[in-house]
Amino acid sequence: MLVGQGVTLIDADAISRAATAAGGSAIAAIAACFGHNVITAQGAMNRDVMRQRVFNDVNAKRQLEAIIHPFVGAEAARQTEAARRGGSPYVVFDIPLLVESPRWRLELHRVLVVDCETATQINRVCARESSNTHWTREAVEKVIASQATRQQRLAAADLVIYNEGLTLGQLAAHIKQVARLITL
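Reading the values: the criteria
- Residues numbered from 1 in each chain as written.
- Predicted model: local features only at pLDDT ≥ 70, side-chain atom pairs only at ≥ 80, totals over all residues.
- Heavy atoms only, no water.
- Helix = DSSP H or I, 4+ residues; strand = E, 2+ residues; numbered from the N terminus.
- Rg over C-alpha atoms; globule rule 2.2 N^0.38 Å.
- Buried < 20%, exposed > 50% of the residue type's maximum accessible area, 1.4 Å probe, protein only.
- Contact = heavy atoms within 4.5 Å.
- Areas by Shrake-Rupley, 256 points an atom, 1.4 Å probe, with all protein chains shown as cover.
- Lys, Arg positive; Asp, Glu negative; His and termini not counted.
- Charge placed at Lys NZ, Arg CZ, Asp CG, Glu CD.
- Pairing = 2+ DSSP bridges.
- Phe/Tyr/Trp six-rings, centres within 6.5 Å; stacked < 30°, edge-to-face > 60°.
- Core = buried A, V, L, I, M, F, W, Y, C linked by side-chain atoms within 4.5 Å.
- pLDDT = per-residue confidence, 0-100.
- Expected span 1.5 Å × (residues − 1).
- Arc of directions from axis to C-beta.

1. Overview of the overall build of the protein
Step number 1: Along the protein, the regular secondary structure elements total 8 helices and 4 strands.
Step number 2: Scaling as 2.2 N^0.38, a compact globule of 184 residues should have a C-alpha radius of gyration of about 16 Å, and the protein matches this with 18 Å.
Step number 3: Across its three principal directions, the C-alpha atoms of the protein cover 50 × 40 × 30 Å.
Step number 4: For the protein, with 184 residues in total, the buried portion stands at 33%.
Step number 5: In the protein, the proportion of contacts linking residues at least 24 apart, taken out of those at least 6 apart, comes to 63%.
Step number 6: Split by element, the accessible area of the protein, about 11,000 Å² in all, is 54% carbon and sulfur.
Step number 7: Across the protein, the mean location of the 20 positive side-chain charges is 3 Å away from that of the 17 negative side-chain charges.

As C-alpha cells, this is what we get:
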C-alpha cells in the first residue's frame, strides 16, 4: 500500500528467497556449509529441511544467517542506490527480522510496525496458501517463539498500525495517515 503512495519497496524476505531459490546467489555457500541434502533436485534450498535444522540447532541458524544476511544486505544496498538514482523520494524496507538484526535499525529513519494479536498472526500464516510449504500451527508457534517478541517489535517502532479486525479499506486509510506523517 505504501508503494501505491509513491515509495520504492525493498523486501528483505523476497531478496532472501531469491538468494535461496534455484540458481540463487547463496545456494553454493549453503550446500558447502550444510551439504547437498538441504538443496532440492531443482537446485533451491529446501526450506522445510532447513527450517527443521535451524530450529533444532542454534549454531546452524547462525551459520545460515551468516551466509544469507550479507547477500540480503548487498542486494538491499544495490536496490537502494538504484531507487535514489531513479529519483524515488522514499524507500521503504520490509524487514521481517528487523529487531533480530539490529544493524538495520541504524540505517533507517523510522520504523513502522504493523501489529496484530499473536493468535491472529498464527491463523494468518496457517491459512496462507503456499505451493511448497504447509504451515502447521505448531510450526508457526515455534517460528514465533524464536523471533523477537511482540513487545520487542512494538518497542522498536516509531509508528504502529494495529491490524486487528481491519478491512483492507480501513488498513489503506491507516497507511495514508502514515504516509502523511512521513510527508509522502
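So that's the structure; there's more coming.
2. As for helix α5 (residues 118-127)
Step number 1: When we look at burial in α5, the residues that qualify are T120, I122 and V125.
Step number 2: Buried-residue contacts for α5 involve α6 (137-146).

3. Let's talk about the pairing of strand β4 (residues 159-162)
Step number 1: Burial along β4 is one-sided: the residues L159 and I161 are buried and none of V160 and Y162 is.
Step number 2: Sheet analysis places strand β3 (residues 112-115) next to β4, joined by 4 bridges and oriented parallel. Among the inter-strand pairings, V113 is bridged to a residue of β4, identified as V160.

4. Focus on the packing of aromatic side chains
Step number 1: Under the defined criterion, the tally for this structure stands at 1 aromatic pair.
Step number 2: When the centroid spacing of 5.9 Å and the interplanar angle of 45 degrees are considered together, the rings of F93 and W104 count as tilted. Linking F93 in strand β2 (residues 91-94) with W104 in the loop between β2 and β3, this pair joins segments that are 11 residues apart in sequence.
Step number 3: Taking relative accessible area as the criterion, F93 reaches 25% and is therefore assigned partly exposed.

5. Things to note about the nonpolar core
Step number 1: By size, the foremost hydrophobic cluster in this structure holds 27 residues, and its most contacted members are I30, F34, M50 and L64.
Step number 2: Secondary-structure elements contributing two or more residues to this core are α1 (12-20), α2 (27-34), α3 (47-56) and α4 (58-85).
Step number 3: If sequence neighbours within four positions are ignored, M50 has contacts with I30, F34, V38, M45 and L64.
Step number 4: Grouped together as the second largest cluster of nonpolar side chains are 8 residues, L2, L159, V178 and I182 included.

6. Thoughts on the confidence of the model for the protein
Parts of the prediction with low pLDDT should not have their coordinates interpreted in detail.
Step number 1: Chain-level pLDDT for the protein is 89 on average; 97% of the residues reach the 70-or-more range.
Step number 2: By mean pLDDT, α6 is the weakest element of the protein at 86, and α2 is the strongest at 96.

7. Looking at helix α8 (residues 168-181)
Step number 1: The terminal C-alpha atoms of α8 lie 20 Å apart, and with 14 residues this matches the ideal 20 Å at 1.5 Å per residue to within 8%.
Step number 2: Taken together, the buried positions of α8 are occupied by L171, I175, V178 and A179. An end-on view of α8 places all buried positions within 100 degrees of arc, on one side of the element. Of the exposed residues in α8, the ones pointing more than 90 degrees away from its buried face are G169, R180 and L181.
Step number 3: Turning to α8, the residues buried within the fold contact β3 and β4.
Step number 4: Within two residues after α8, T183 carries a phi angle of roughly 60 degrees, on the positive side.

8. So, the side chain of T80
Step number 1: Mapping T80 onto the fold places it in helix α4.
Step number 2: With a relative accessible area of 9%, T80 lands in the buried category.
Step number 3: If we ignore the near neighbours within four places in the chain, the residues touching T80 are I10 and F93.

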